[in-house]
Amino acid sequence: MENRNDEVVCLFQDKVSELLLKHRSVLDSLSKFTESATRINRAVSKAVTGCGCISINAKKQQFPAEASLEDCRKYMDSHLEGFLCESCRERIEEEIGNQLFYLSALCHLLDFKLEDIMRKEYGKLKALGFFHLS
Ligand SMILES: [Zn+2]
């Protein structure tokens, strides 16, 4: 399973690099990357304020002072209520896909392999566990 996922990341980056002719400049990819992140935020906001399928009920996170780091997880709240409808889910998924495209483009232009970065980060998560959270 892990190998198949690695393969998809690698194939995805290869395909992005093939299609990159239109966005060859790193400056263009950087601005598109930032723009796509903003569009994800916008799509989530629209799910709340436009559609209403989800809502945000945010307040200060509270947990007992004596709770261990692992136990704190039980008390953490996402501040989300409801579930994404099909339409909002599709929209957000599309924007996340665009973000992945431009992330892959940046990796290609700067000579990184997204697969290697993901493998390295996965190793850090496994090694550091809860201490990786920031
Ligand atoms: Zn919705």
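Note: the structure precedes this text.
Residues numbered from 1 in each chain as written. Predicted model: local features only at pLDDT ≥ 70, side-chain atom pairs only at ≥ 80, totals over all residues. Heavy atoms only, no water.

Chemist: Any chance you could break down the environment of Lys15 for me, citing the residues and the numbers?
Modeler: Structurally, Lys15 can be placed in helix 1 (residues 2-18). Given a relative accessible area of 44%, Lys15 falls into the partly exposed group. Between the C-alpha atom of Lys15 and that of Ala58, which follows or precedes it by 43 residues, the distance is 40 Å. (Helix = DSSP H or I, 4+ residues; strand = E, 2+ residues; numbered from the N terminus. Buried < 20%, exposed > 50% of the residue type's maximum accessible area, 1.4 Å probe, protein only.)

Chemist: An account of the coordination of the zinc ion is requested, with residue identities and associated values reported.
Modeler: Around the zinc ion, the donor atoms from the protein are Cys51 (SG), Cys53 (SG), Cys85 (SG) and Cys88 (SG), and they sit 2.3 Å away. Around the zinc ion, the four donor atoms are arranged such that angles at the metal cover 104 to 119 degrees; this shape is classified as tetrahedral. In the primary structure, the donors to the zinc ion are separated according to the pattern C-x1-C-x31-C-x2-C. Placement of the pair is Cys53 in the loop between helix 2 (26-51) and strand 1 (54-56) and Cys88 in helix 4 (residues 86-109), with a sequence separation of 35 residues. (Donors = N, O, S within 2.8 Å, 3.2 Å for Na, K, Ca; no water. Tetrahedral: all angles 85-135°; square planar, octahedral: opposite > 155°, others 65-115°.)

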